[in-house]
Amino acid sequence: LSSEKSSSSPPFPIVLWRFTRPHTLIGSAIAIPSIFLLAAPTYASFCTSRTLASLLYAVVPSLLMNIYITGLNQITDVEIDKINKPELPMAKGDLK
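No experiment lies behind these values; they were computed from the predicted model shown.

Caption draft 1: Looking closely at the overall build of the protein chain. Counting its secondary structure elements, the protein chain contains seven helices and zero strands. If you list the helices and strands of the protein chain from N to C, you get α-α-α-α-α-α-α. The C-alpha atoms of the protein chain give a radius of gyration of 19 Å, which is well past the 12 Å a tight globule of 96 residues would have. With respect to the principal axes defined by its C-alpha atoms, the protein chain has extents near 60 × 30 × 15 Å. A buried classification covers 25% of the 96 residues belonging to the protein chain. Residue pairs in contact within the protein chain that sit at least 24 positions apart in sequence constitute 56% of those at least 6 positions apart.

If you want it as structure tokens, here you go:
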């Protein structure tokens, strides 16, 4: 039973999490609000509901584009990733 469990792939939410390459999202999730804050004339103007809504409109598409780019890279570079990054879901065969 233990050998059967070790050969099976991890649950889909875990595979999807690994596919998104969360470490790449951290940089974007920090950089976008930081740049947004630099553009604000005062700290008080940054904390308005309108500004925070604008920030949300910038962050969400940016993070989705990041996921798209990392996913596209994994899909197109499976053979390279099998050598250089075999732990990725596409290269490992967890996601086909």
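Caption draft 2: Highlighting the side chain of Gln74. Within the fold, Gln74 resides in helix 5 (residues 49–76). Judged by relative accessible area, which is 1%, Gln74 ranks as buried. One polar contact links the side chain of Gln74 to the main-chain carbonyl oxygen of Phe19, over a distance of 2.7 Å. Non-local contacts of Gln74, meaning those with residues more than four positions away in its chain, are made with Phe19, Arg21, Asp81, Leu88, Pro89 and Met90.

Caption draft 3: How the structure looks around the environment of Asn66. Within the secondary structure, Asn66 sits in helix 5. When residues no more than four places from it in sequence are discounted, the contact partners of Asn66 are Thr24, Leu25 and Ser28.

Caption draft 4: Region of the structure containing a nonpolar patch on the surface. There is a patch of nonpolar side chains on the surface, built from Met65, Tyr68, Ile69 and Leu72 and spanning about 450 Å² of accessible area. Accessibility expressed as a relative area gives 55% for Tyr68, which makes it exposed.

Caption draft 5: Quick peek at the confidence of the model for the protein chain. Scored by pLDDT, the protein chain comes out at a mean of 89, with 93% of its residues at no less than 70. Model confidence for the protein chain, summarised as mean pLDDT per element, is weakest for helix 1 (residues 2–7) at 48 and strongest for helix 6 (residues 78–84) at 95. Below a pLDDT of 50 lies the segment residues 1–5, which in the model reaches zero contacts outside its immediate sequence neighbourhood of four places, other chains included.

Caption draft 6: Region of interest: helix 5. Between its terminal C-alpha atoms helix 5 stretches 41 Å, which fits the 40 Å expected from 28 residues at 1.5 Å a residue. Taken together, the buried positions of helix 5 are Thr51, Leu55, Val59, Asn66, Thr70, Gly71 and Gln74.

Caption draft 7: Region of the structure containing the packing of helix 3 (residues 22–39) against helix 5. Between helix 3 and helix 5, the shortest axis-to-axis distance is 10 Å and the interhelical angle comes to 150°. In this view, helix 3 runs roughly antiparallel relative to helix 5, as classed from their interaxial angle. Remark: the crossing between helix 3 and helix 5 carries right-handed chirality. Every residue of helix 5 that contacts helix 3 at Thr24, Leu25, Ser28, Ala29, Ile32, Pro33 and Phe36 is listed here: Thr51, Ser54, Leu55, Ala58, Val59, Ser62, Leu63, Asn66, Ile67 and Thr70.

Caption draft 8: How the structure looks around unusual backbone geometry. A positive phi angle is found at Arg21, which is not glycine, with a value near 50°. Take Arg21: it is sitting in the loop between helix 2 (12–19) and helix 3. Among the residues examined, Arg21 registers a relative accessible area of 17% and is labelled buried.

Caption draft 9: Geometry of the environment of Ala58. As for its position among the elements, Ala58 is in helix 5. The spatial distance from the C-alpha of Ala58 to the C-alpha of Ile69 is 17 Å, given a sequence separation of 11 residues.

Reading the values: rules and limits
- Position numbers for residues start from 1 in each chain and track the written sequence from start to end.
- With the structure being a predicted model, the display of local features is reserved for residues of pLDDT at least 70 and the display and counting of side-chain atom pairs for 80 or more, all residues being used for whole-chain, interface and lining totals.
- Side-chain descriptors were evaluated using all non-hydrogen atoms of the structure, hydrogens and water having been removed beforehand.
- Numbered from the N terminus, helices here are DSSP runs of H or I no shorter than four residues, and strands are runs of E no shorter than two.
- Here the radius of gyration uses the C-alpha set of atoms, whereas the globule reference equals 2.2 Å times the residue count to the power 0.38.
- Here's how the labels work: a residue is buried when its accessible area is under 20% of the maximum for its type, exposed when over 50%, partly exposed in between, all with a 1.4 Å probe on protein chains only.
- The contact criterion used is simple: two residues touch if any of their non-hydrogen atoms lie within 4.5 Å.
- Definition of a polar contact: a pair of N or O atoms within 3.5 Å, with one able to donate and the other able to accept a hydrogen when the atoms are protein atoms, and with sequence-neighbouring residues admitted only if both atoms are side-chain atoms.
- Two distance rules govern patches: like charges are joined within 9 Å, and nonpolar side chains (Val, Leu, Ile, Met, Phe, Trp, Tyr) within 5 Å, applied only to residues with over 30% relative accessible area and no salt bridge.
- Under the convention used here, a 1.4 Å probe and the Shrake-Rupley method define accessible areas, while residue burial counts only the protein chains that appear.
- Definition used for salt bridges: Asp or Glu carboxyl oxygen within 4 Å of a side-chain nitrogen of Lys or Arg.
- Per residue, pLDDT captures the predictor's confidence, and it can take any value from 0 to 100.
- By this rule the span expected of a helix is its residue count minus one, scaled by 1.5 Å.
- An axis is simply a line fitted to the C-alpha atoms; with a helix, the fit covers only the stretch in contact. Between two such axes, the angle follows the N-to-C directions and lies from 0 to 180 degrees.
- Working definition: roughly parallel below 35 degrees, roughly antiparallel above 145 degrees, roughly perpendicular at 65 to 115 degrees, and oblique for all remaining angles.
- A crossing counts as left-handed when the near helix is turned anticlockwise from the far one by less than a right angle, and as right-handed when that turn is clockwise.

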